[in-house]
Amino acid sequence: EGTISMEGTPVQIRTTQDALKAGISTVYQEITLCPNLTVAENLYIGRTRGAFTNWRKMNAGAKKILESLGIPAAPTQQLSSCSIAVQQMVAIARAVDMECKVLILDEPTAGLDPAGRDEILGLVSKMHRELGITILLVSHSMEDVAEYVDRIIVMNHGAVMFDALPKQVFAHYKELEAVGLAAPQVTYLVHELAERGLPVDTQATTAKEAAQTILSALREKNVI
């Protein structure tokens, strides 16, 4: 139930084409590109019309997109030769280049190692910061959420359970556990330290914040 509004104007989304026309693009967990085609071909496949393709123009356009987003791939490189993280980046770049205002990412870092996750989420953060795109990140990784997002909406059985800043949501870590979600490991660490008498900030949610508050607490205790 409810309505969908874009910049204050209600829109009706019944098909994928309706979403694209409204400026909403989606990148799914499973990479839906063609591994036997080049990076440039994957960026533009389905978007060129007619029997002929201006390959030089297409490759130049792809190079511009890749460089602007800092994606480490060449336009003429076969997609299958790229890492999974880079392939996902190409999928995201394709979505963004389609006059995207809202980008929905469905578990974009699933199955990636920490370096790959950082690459993907770094790109996402860059796009939000530099291009002004609204990004909806669907994720079960609370570490990723704590590090990169501005606002968390926790859904439980179709209803909104929490809608607030990350620190405010993670303060309810026991309630999150009750519905099958775990807060970032840092949250448990700082609460355990606080219970043991160390004056740390229990609202720390990232490794950097935890390190800062733990060092500050140890100095206060004259331990270091």
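Higher on the page you've got the structure.
Residues numbered from 1 in each chain as written. Predicted model: local features only at pLDDT ≥ 70, side-chain atom pairs only at ≥ 80, totals over all residues. Heavy atoms only, no water.

(A) Just the packing of aromatic side chains, in detail. Tallied over the entire structure, the rule returns 1 aromatic pair. Each ring, one from Tyr-173 and one from Tyr-188, has its centre 5.5 Å from the other, and the planes form 85°; the classification is edge-to-face. Of this pair, Tyr-173 sits in helix H8 (residues 173-178) while Tyr-188 sits in helix H9 (residues 185-195), and the two are 15 residues apart along the sequence. On the basis of relative accessible area, Tyr-173 is assigned to the buried category, the value being 11%. Residue classification places Tyr-188 among the partly exposed residues on the basis of a relative accessible area of 27%. (Phe/Tyr/Trp six-rings, centres within 6.5 Å; stacked < 30°, edge-to-face > 60°. Helix = DSSP H or I, 4+ residues; strand = E, 2+ residues; numbered from the N terminus. Buried < 20%, exposed > 50% of the residue type's maximum accessible area, 1.4 Å probe, protein only.)

(B) Geometry of helix H3 (residues 55-69). A rise of 1.5 Å per residue sets the reference length of H3, with its 15 residues, at 21 Å; its end C-alpha atoms lie 21 Å apart and thus fit the reference within 8%. Within H3, burial applies to Met-58, Ala-62, Ile-65, Leu-66 and Leu-69. In a view along the axis of H3, the buried residues occupy a sector of 95°, so they form one face of it. Exposed and facing more than 90 degrees away from the buried side of H3 are Arg-56, Lys-57, Lys-64 and Glu-67. On its buried side, H3 packs onto helix H2 (39-44), helix H4 (84-96) and helix H5 (114-131). Two residues or fewer past H3, Gly-70 is found with a positive phi of approximately 70°. (Expected span 1.5 Å × (residues − 1). Arc of directions from axis to C-beta. Contact = heavy atoms within 4.5 Å.)

(C) Layout of the pairing of strand E5 (residues 134-138). Strand direction decides the pairing type here: strand E4 (residues 102-106) and E5, joined by 5 bridges, are parallel. Within E5, the position partnered with Leu-105 by the bridge is Leu-137. (Pairing = 2+ DSSP bridges.)

(D) Focus on the nonpolar core. Residues Val-39, Leu-43, Ile-71, Ile-92, Leu-103 and Met-127 are the most contacted members of the largest nonpolar core, which totals 34 residues. Contributing elements (two or more residues each) for this core: H2, H3, H4, E4 and H5. Here this core gets 9 residues from one element, more than from any other, and that element is H4. Excluding anything up to four places from it in sequence, Leu-43 contacts Ala-62, Leu-66, Val-90, Ala-93 and Arg-94. By size, the runner-up hydrophobic cluster in this structure holds 12 residues, among which are Val-145, Ala-146, Val-169 and Ala-183. (Core = buried A, V, L, I, M, F, W, Y, C linked by side-chain atoms within 4.5 Å.)

(E) Summary view of unusual backbone geometry. In this model, Glu-7 sits at a positive phi of 50°, which is unusual for a non-glycine residue. Mapped onto the fold, Glu-7 is located in the loop between strand E1 (4-6) and strand E2 (9-11). Overall, Glu-7 belongs to the exposed group, its relative accessible area being 70%.

(F) Up close: a negative patch on the surface. Together, Asp-113, Asp-118, Glu-119 and Glu-147 make up a negatively charged patch on the protein surface. Its location among the elements puts Glu-147 in helix H6 (residues 142-148). (Patch = residues over 30% accessible without salt bridge, like charges linked within 9 Å, V, L, I, M, F, W, Y side chains within 5 Å. Areas by Shrake-Rupley, 256 points an atom, 1.4 Å probe, with all protein chains shown as cover. Salt bridge = Lys/Arg side-chain N within 4 Å of Asp/Glu carboxyl O. Lys, Arg positive; Asp, Glu negative; His and termini not counted. Charge placed at Lys NZ, Arg CZ, Asp CG, Glu CD.)

(G) View of the pairing of E4. Alignment of strand E3 (residues 24-27) against E4, held across 4 bridges, turns out to be parallel. Bridged to Val-27 within E4 is Leu-105.

(H) Just the environment of Gln-29, in detail. By secondary structure assignment, the location of Gln-29 is in the loop between E3 and H2. A relative accessible area of 37% means that Gln-29 is categorised as partly exposed. C-alpha separation for the pair Gln-29 and Gly-111, spaced 82 residues apart in sequence, amounts to 9.3 Å. Gln-29 has contacts with Gln-88, Asp-106, Glu-107 and Ala-110, leaving out every residue within four places of it along the chain.

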